[in-house]
Amino acid sequence: MPVLREAIARHQRRFWGVEVDPDREVLVTAGATEALAATLLAFVDRGDEVVTLEPGYDSYGAIIALAGGRHVPVPLRAPHFQPDADEFRAAVTDRTRVILLNTPHNPTGAMLEPAFLDLAIELAHRHDAIVVTDEVYEHLVFDGRTHTPSAARPGASGRVVSISSAGKTFSTTGWKIGWLTAAPELRDAVLAVKQFLSYVNGAPFQPAIALGLDLPDTFYASTAATLQHKRDLLIDGLRAAGFGVSRPAGSYFVIADAAPLGHADAGAFCRRLPELAGVVGIPLTAFVHPDRRAPYASLVRFAFCKRVEVIEEATRRLGTMRG
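What counts, and at which threshold
- Residues numbered from 1 in each chain as written.
- Predicted model: local features only at pLDDT ≥ 70, side-chain atom pairs only at ≥ 80, totals over all residues.
- Heavy atoms only, no water.
- Helix = DSSP H or I, 4+ residues; strand = E, 2+ residues; numbered from the N terminus.
- Rg over C-alpha atoms; globule rule 2.2 N^0.38 Å.
- Buried < 20%, exposed > 50% of the residue type's maximum accessible area, 1.4 Å probe, protein only.
- Contact = heavy atoms within 4.5 Å.
- Areas by Shrake-Rupley, 256 points an atom, 1.4 Å probe, with all protein chains shown as cover.
- Lys, Arg positive; Asp, Glu negative; His and termini not counted.
- Charge placed at Lys NZ, Arg CZ, Asp CG, Glu CD.
- 1 Å grid on protein atoms, 1.4 Å probe; cavity = no way out; pocket = protein on both sides within 12 Å on 5 of 7 lines; lining within 4 Å.
- Points joined across faces, edges and corners; volume = space filled by probe spheres on them.
- Nonpolar A, V, L, I, M, F, W, Y, C, P; charged D, E, K, R; others polar.
- Arc of directions from axis to C-beta.

Side note on the overall build of the chain
So, point 1. Regarding its fold elements, the chain presents 11 helices and 11 strands.
So, point 2. A globule of 323 residues ought to have a C-alpha radius of gyration of about 20 Å, and the chain, at 20 Å, matches this closely.
So, point 3. For the chain, the spread of C-alpha atoms along the principal axes amounts to about 60 × 45 × 35 Å.
So, point 4. Here the chain holds 323 residues, and the buried ones make up 55% of them.
So, point 5. Sequence separation of 24 or more characterises 71% of the internal contacts of the chain that already satisfy a separation of 6 or more.
So, point 6. Of the roughly 13700 Å² of accessible surface on the chain, a fraction of 53% belongs to carbon and sulfur atoms.
So, point 7. A distance of 5 Å separates the average location of the 33 positive side-chain charges in the chain from that of its 36 negative side-chain charges.

In structure tokens form, the structure reads like this:
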């Protein structure tokens with residue numbers, strides 16, 4: 001609906017200083033995942049390479065495979081989960097068609113530095129690739145940090161497809177209202193695929209999300225502050241329970257190391273965790289190719305997008321396992 005496309009354009013200008021034409025540079029999708037799928041299917045042909053950061057959202061590998069592409073991951077290493085620039089340069093070649101980035105990052109909560117985004121755009125120009133950025137956690141950032149969109153960086157025009165959604169910001173994941181913004185020729189290529197995936201979705205929700213995007217800055221600030229408080233509660237509780245914990249800069253996930261509790265295999269630990277403590281976590285290895293799981297073997301992802309009393313009870317239960 002025009003009301004939503006116009007609201008998305010205002011949002012990009014208001015928060016990130018990026019000007020987009022709501023009629024020619026905005027596409028509304030069935031969540032960010034459809035935007036990702038349509039984009040990769042539009043630009044990736046059989047044998048084309050897609051560079052990603054690993055661990056990564058599990059949809060990436062599946063969509064790359066569906067498109068017939070070759071998945072080229074660059075590792076993110078604990079505890080800071082930042083990519084190595086030299087490894088990234090080596091991964092991007094003339095065979096690369098898409099550089100797929102995610103910041104703030106799922107599952108680690110890391111945020112990519114502006115200098116790294118600049119490097120990605122530079123390499124995209126050099127190798128005639130496209131940078132696709134998954135930014136669904138753009139407003140869920142902590143400790144005074146500010147999200148940096150790739151589209152706001154020098155050289156981004158005509159090279160960057162920016163993807164986001166309403167689900168994380170407004171806690172409306174089931175509504176499946178996402179979008180992408182890109183130069184007209186890029187948006188049109190994605191539209192040619194998207195119209196055969198869902199054509200249109202969530203029509204009754206679109207005006208509501210448009211209203212949400214125009215909410216005052218106080219809403220966005222309070223949302224981030226509330227999540228930061230929950231993050232800190234979970235971190236403190238996990239540390240008290242004996243886990244090693246990384247401190248996420250954004251998203252709503254914490255990575256905890258179960259090795260100090262004597263659990264070297266996070267997969268086995270997470271399968272036992274409901275019985276041991278009545279709590280559920282996801283092994284970080286679930287977001288990594290089976291051949292590359294060793295560095296992440298004991299790491300677990302916990303989510304803090306829960307009620308405060310749930311987080312407090314969960315950490316109390318986890319604390320009973322210590323010793």
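Section: empty space enclosed by the protein
So, point 1. This structure, assessed with the given rule, holds 1 cavity of 30 Å³ or more.
So, point 2. Here the largest cavity defines a volume of roughly 60 Å³.
So, point 3. Lining the largest cavity are Gln-12, Trp-16, Glu-135, Glu-138, Pro-149, Ser-162, Ile-163, Ser-164, Trp-179 and Thr-181.
So, point 4. Of all the secondary-structure elements, those providing two or more residues to the lining of the largest cavity are α1 (2-16), β6 (160-165) and β7 (177-181).
So, point 5. Split into classes, the residues belonging to the lining of the largest cavity amount to 4 nonpolar, 4 polar and 2 charged.

Considerations on helix α8 (residues 206-213)
So, point 1. Of the positions making up α8, those classed as buried are Gln-206, Ile-209, Ala-210, Gly-212 and Leu-213. Down the axis, α8 shows its buried residues gathered within 160° of arc, on one side only.
So, point 2. Here the buried face of α8 lies against α1, β1 (26-30), α6 (167-170), β7 and α9 (217-240).

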